[in-house]
Amino acid sequence: MTGKSVLKRLDWLTVLFYVLLLTIGWVNIYSSTFSESDSSIFDFGTLHGKQLFFILTSFASIIILLALEANFYERFSSVLYIISMVLLLGLFVFGKTIAGATSWYDLGFFNLQPSELAKVATALALAKYLSDIQTDIKRNKDQLYAFLIILIPAVLIIPQPDPGSALVFFSLSFVIFREGLPLYYLGIAFFAILVFVTTLMFGTIWITIGIALILILFFLLKKKKFKVPIIPMAITVILTILFSLSVDFVFNNVFEQRHRDRFGLWLRLEKDPAKLEKIRKTIGYNTYQSEKAIESGGFFGKGFLEGTRTKGDFVPEQHTDYIFSTVGEEWGFLGTATVVLLFTFLLLRLVYLSERQKTGFARMYGYGVISILLIHYFINIGMVIGVLPTIGIPLPFFSYGGSGLLFFTALLFIFLKLDANRLKEGI
Amino acid sequence: MKKLLLSSIIVIIGITFLGRLSYLQIFSFSPDQVLEDPAIKRVYDYPERGYIYDRNGKLLVGNDPAYDVMVIPREVRELDTLELCGLLKIDKEKFKKELRKARIYSPRLPSVFVPQLSKEDYAKLQEKMRHYKGFYIQKRSLRYYDTNSAANVLGYISEVNERDLAKNPYYVQGELTGRTGVEKVYEDILRGRKGVQYIQKDRFNRDIGPYKSGTLDTLPEQGYEINITIDKELQEYGERLMVGKWGGIVAIEPSSGEILSMISGPTYDPSLLVGRKRSANYSKLHYDSISKPTFDRSISFEKSPGSPFKAINALIALQEGAITPSTTFTCHHGFFIGRHKKGCHCGGGTRNLNNGIYLSCNAYFVGAYKKIFEQFPSNSEAMDAWEKHVKSFGLGSYLGSDLYTGRPGSVPSTDLYNKWYGVGDKRWSATTTYSNAIGQGEVNVTPIQLANMTAAIANRGHFFTPHVLKKVDGKKIDIPDFVEPKYTTIDKRHFEPVIQGMADVYHKGTARYVQIPDIEIAGKTGTVENYVKIDSVRTQLTDNSVFVAFAPVDNPKIAIAVYIQNGYYGSRYAGHIASLMIEKYIKREITRTDLEKRMLERTLEHEYAKPYSGKEFKINEYDWSKHSTKYKAENQSEQ
């Protein structure tokens, strides 16, 4: 196979989305980190200069990724997975601590974050395991193995501590659902989250009243012939109420104060304006400033390099996790909507690509890529615009950071390589 | 179905995000977020604070220029710290601390680095200022006092604190606001409104012109000058008389309720609370827990009124028909409460209203008090009626004046005695509460309430809410609450006999040695038993000397109350001081210069030191060695 034919069969629409996101991202990093004394955009001493270097490095890596044989990824996925697990373990001994999290190896010129590599490796390994002819996802044992592949890196990452990245691995369970795990697992999880949140907001009493109302409605509206499964229903109701009762206990006794603060902030549990004002200056500072910056952008934004709050460094971590607030302030609703739409189109395009794969491995890896990108995008923007609690994970292709960009690029282009090869069965 | 799941999640997330973003950026967005935007610089133009004049147009408080050193931490470059510290008269620790504080407040907004430099320090600093990048000098005006008196009336101004900032969005850090007294109460009038210019800054923190072409800018509004009702000369004179004495003097013009002077002893020079020394001086004054110079005794010192209160009981008894001016009671050098004899200094004999008042006979007033109770079917109804009458003289309330502090005093009620002794006519009676008859019971008053009560008597039945504001911007104020008379519950006709008795206090009664030539005065002495808690032990100290008076009797120009702690007999200190004050106000000069000299020189410091001496001490001593024979006679007849 020649490089030329790969380029011909490459999905250029996805590449276009990728390049657009990268460009918009860099422009905003430039705006966030720009200062009057900087001489050139190629000054690698500055953060935007460094990011430009990482972008160029990513482009170079794409050439290598596309040049490798497609089945290399499938064959070496197990090895890659084991290597990345070893690297994660190694952090406990050799890790470098930045901002309280021991998540990096210091390579001198560059800090390597092995959890980023682990995301790619786990997506590959999971796809490989699920696509194995021996694996039957309807079997409990195989379900367990599949979940173990996800859980091992998550468990290794939580103590760093980096709960955000750990969450990313759980998102890979989408792949298992796509491949036949019963959906009610997902339903139960979703229902549990719903009960958890509503309990925090309204208390167990209202949950009980709510359930009672639903039951009354149900009995009034049901068809006469319909047989009510009394026992399972009663068990569900009792379990729900018990769970709701346990929420208070867990929230007050198991969670740490900072977790409580984040949930309290997210669900707007504090109503007293004086305390709210205080929260805005302490634990809620980031979220408040970020929302304010976005809000002040209005529909059209203040213009490139004109973001007054961005200039004043009002939003912390603005070039990394809070990069989206720069978009909001300087480019307004036009900018933010464009970014949201770009991500939506990219993800939908990837769903389409995955579904057209001929091999199970490629399809499942595709779903892995979507899951990982989606969870990053969902949690990051959700946090920045104040609809989700504060969980620090970067916005793919956008946030400042070398390892992140490199591995997101790898994640995406390995899939594009597989996609380009989908018609060459049996290699 | 499963194929669609992920796609639908992606779409739902997208819609949610777009919804939230349009809420933030389209619906919540308002184009006038200038006040919140940290990139819009506001430049303030401060108007001068209004001057304060006395009732005759004499200056009390003006302004002096002062200079604040400001800092913008972000713009600070390397500098000769030692030299700057020397010029600012601070040490290096303080320098670092202030810079850190400013940086925490904001690295790019100006903070006050050293407030209120003197003119001399400013002159030295000014030429060197250009060497210190990030520092600049802001001119501002400081209060200047053209008197060393009236600190308790005028109050003082100081920098706004966190609480002020939270309460009133007008203020920004470093601004000044009235803290107490007139400066606090009339802050809005005196301050004016600062003007604001909004300036757009670009990304290099350079000014690039007015924000929105200056359409939001405002011009400063001048603060108004005000006249207060205080008579500067009288106030200063009163404070001189109070040197070495603790207590309060309040003088009111009965026909208007205007407070002519309001003296608290000990007091302090208002200039102490200006400029850089303010906070050190304030601590010194505030933490003097023995003499308490910042405690305004003229409006906050609550004590038994003593005998002046007998005038109120006489009026109530007349009003309720319990007595007529000719009703008599016999004084057996005292009177009986059950089997216990209580003393009286009046000399004994048959007493009617007139000599009951001018000789201050306890037996007479206890008798009259009991008669009041006999007018009612039950003790509680009698008490209710009595309480209502007393309160109509403004006792037991804050009076609604425009003074910043104050205390309400207390007037006993049926509820109080029901709580103490139990409910029912048998539990308590006029006999139980007889102390109220002679002003020693559960009635507590402040000097200003005493003065107001006296004004109500002088007006024969009404008073005007005491106040200190006279004019704003040269125009007489027209505040309904201050110009409408408040009527007492006593008919006008009952006042004359009582006032006659009070006038006779001067002619032949307890104050006959303090007459003023050519001025007809009505007054009432009081010698009040004085109990205080020292280390939670109830201890009796030397009696308080009290005097109330108004003059001239027929056309009252001044009503005054003088309350001197531990001054012993009513006329000994309070009476003399009151007569000097009246003479000063009406004649503008003192003819009795030897009396004046004596009052200015005498102090009661030895009395105030007694409870803190740690030794046993005597109270109510005649210190004969200090008085000439002439005053011996006076002291014997003071009672």
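Residues numbered from 1 in each chain as written. Chains lettered and ligands numbered in written order. Predicted model: local features only at pLDDT ≥ 70, side-chain atom pairs only at ≥ 80, totals over all residues.

## Describing the overall build of chain B
So, point 1. From N to C terminus, chain B includes 23 helices and 23 strands.
So, point 2. When each of the 639 residues of chain B is scored for burial, the buried share is 42%.
So, point 3. Sequence-distant contacts, at least 24 apart, represent 72% of the contacts inside chain B between residues at least 6 apart. (Helix = DSSP H or I, 4+ residues; strand = E, 2+ residues; numbered from the N terminus. Buried ≥ 20, exposed ≤ 12 C-beta atoms within 10 Å, placed from the backbone. Contact = placed C-beta atoms within 7 Å.)

## Points about the overall build of chain A
So, point 1. The helix and strand inventory of chain A stands at 18 helices and three strands.
So, point 2. Buried residues in chain A amount to 42% of all 427 residues.

## What to know about the interface of chain A and chain B
So, point 1. With 34 residues of chain A at the contact, the number on the chain B side is 26 residues.
So, point 2. Looking at the side of chain A that touches chain B residue by residue, the class counts come to 18 nonpolar, nine polar and seven charged. (Nonpolar A, V, L, I, M, F, W, Y, C, P; charged D, E, K, R; others polar.)

## What about the pairing of strand β14 (residues 334–337) of chain B?
So, point 1. The pairing of β14 of chain B with strand β15 (residues 340–343) of chain B spans four bridges and is classified as antiparallel. By the bridge assignment for β15 of chain B, Phe 335 of chain B is matched with Lys 342 of chain B. (Pairing = 2+ DSSP bridges.)

## Quick notes on the sheet that holds strand β2 (residues 101–106) of chain A
So, point 1. The strand order across the open sheet built from three strands is β1-β2-β3 (chain A), with neighbouring strands paired in antiparallel fashion. On the outer flanks of this sheet lie β1 (96–98) and β3 (111–112) of chain A, each paired with one strand and no other.

## With respect to the nonpolar core
So, point 1. In this structure, Ala 251, Ala 451, Ala 549, Ile 560, Val 562, Ile 577 and Met 581 of chain B are the most contacted members of the largest nonpolar core, which totals 122 residues.
So, point 2. When near neighbours in sequence (up to four residues on either side) are disregarded, Val 562 of chain B contacts Ile 249, Phe 547, Ala 574, Ile 577 and Ala 578 of chain B.
So, point 3. Listed in part, the 96 residues of the second largest apolar core include Leu 87, Tyr 322, Leu 347 and Phe 415 of chain A. (Core = buried A, V, L, I, M, F, W, Y, C linked by C-beta atoms within 7 Å.)

## Here's the deal with the sheet that holds strand β12 (residues 258–265) of chain B
Residues and elements named next belong to chain B.
So, point 1. With antiparallel pairing, the five strands of this open sheet are ordered in space as β12-β11-β23-β22-β21. Of all the strands in the sheet, the pair left with one neighbour each is β12 and β21 (522–534). Direction aside, the axes of adjacent strands within the sheet are offset by 10 degrees on average. (Axes fitted to C-alpha atoms, helices over the stretch in contact; angles between N-to-C directions.)

## Section: helix α17 (residues 360–384) of chain A
So, point 1. The end-to-end C-alpha distance of α17 of chain A, which contains 25 residues, comes to 36 Å, matching closely the 36 Å that a straight helix rising 1.5 Å per residue would cover.
So, point 2. Gly 386 of chain A lies just past α17 of chain A and shows a positive phi near 80 degrees. (Expected span 1.5 Å × (residues − 1).)

## Notes on unusual backbone geometry
So, point 1. For the peptide bond that leads from Gln 160 of chain A to Pro 161 of chain A, omega is -5 degrees, which places it in the cis range.
So, point 2. Considering the arrangement of structural elements, one finds Pro 161 of chain A in the loop between α6 (140–157) and α7 (163–171).
So, point 3. In this model, Gly 265 of chain B is joined to Pro 266 of chain B through a cis peptide bond whose omega is 0 degrees.
So, point 4. Along the chain, Pro 266 of chain B falls in the loop between β12 and α10 (278–286).
So, point 5. Positioned with a positive phi, Asp 518 of chain B is a non-glycine residue whose angle comes to about 70 degrees.
So, point 6. The topology assignment puts Asp 518 of chain B in the loop between α19 (495–507) and β21.
So, point 7. When the 10 C-beta atoms within 10 Å are taken as the criterion, Asp 518 of chain B is described as exposed.

## Overview of the environment of Pro 254 of chain B
Residues and elements named next belong to chain B.
So, point 1. Mapped onto the secondary structure, Pro 254 falls in the loop between β11 (247–253) and β12.
So, point 2. A tally of 24 C-beta atoms within 10 Å means that Pro 254 is categorised as buried.
So, point 3. Discounting chain neighbours no more than four positions away, the residues touching Pro 254 are Ala 455, Ala 458, Asn 459, Phe 550, Pro 556 and Ala 559.

## Digging into the packing of helix α5 (residues 114–131) of chain A against α17 of chain A
Residue and element names in this part refer to chain A.
So, point 1. Running from N to C, α5 and α17 point in directions that differ by 145 degrees, and their axes come no closer than 8 Å. Judged by the twist between their axes, the crossing of α5 over α17 is right-handed. Contacts between α5 and α17 pair Lys 119, Ala 123, Leu 124, Leu 126, Ala 127, Lys 128, Leu 130 and Ser 131 from the former with Gly 360, Phe 361, Met 364, Tyr 365, Gly 368, Val 369 and Ile 372 from the latter.
So, point 2. Split by residue class, the contact of α5 with α17 holds ten nonpolar, three polar and two charged. (Left-handed = near helix turned anticlockwise from the far one by under 90°.)

## Digging into the packing of helix α3 (residues 47–67) of chain A against helix α18 (residues 402–420) of chain A
All names here are of chain A.
So, point 1. Contact pair α3 / α18: the axes reach a minimum separation of 9 Å and the direction vectors enclose 30 degrees. Looking at the two axes, α3 sits roughly parallel to α18. For the pair α3 and α18, the sense of crossing is right-handed. Residues Phe 54, Ile 55, Thr 57, Ser 58, Ser 61, Ile 62, Leu 65 and Leu 66 of α3 pack against Gly 402, Leu 405, Leu 406, Thr 409, Ala 410, Phe 413, Ile 414 and Lys 417 of α18.
So, point 2. A per-class count over the contact of α3 with α18 returns ten nonpolar, five polar and one charged. (Parallel < 35°, antiparallel > 145°, perpendicular 65-115°, else oblique.)

## Describing the confidence of the model for chain B
Residue and element names in this part refer to chain B.
So, point 1. Residues with a pLDDT of 70 or more make up 93% of chain B, whose mean pLDDT is 86.
So, point 2. Counted against residues more than four places away or in other chains, residues 624–639, with its pLDDT under 50, gives twelve contacts.
So, point 3. If you check the scores for this complex, the pTM reads 0.61 and the ipTM reads 0.89. (pLDDT = per-residue confidence, 0-100.)

## So, the environment of Val 505 of chain B
Residue and element names in this part refer to chain B.
So, point 1. Mapped onto the elements, Val 505 comes out in helix α19.
So, point 2. Owing to 28 C-beta atoms within 10 Å, Val 505 belongs among the buried residues under this scheme.
So, point 3. With 16 residues separating them in the primary sequence, Val 505 and Ile 521 have C-alpha atoms 8.9 Å apart.
So, point 4. Those residues within four positions of Val 505 in sequence are excluded, and the remaining contacts are Ile 357, Tyr 358, Thr 510, Ala 511, Gly 523, Lys 524 and Thr 525.

## Concerning the environment of Pro 552 of chain B
All names here are of chain B.
So, point 1. Tracing the chain through its elements places Pro 552 in the loop between β22 (537–551) and β23 (558–564).
So, point 2. The exposure class assigned to Pro 552 is partly exposed, which follows from the 16 C-beta atoms found within 10 Å.
So, point 3. If we ignore the near neighbours within four places in the chain, the residues touching Pro 552 are Ile 519, Glu 520 and Lys 557.

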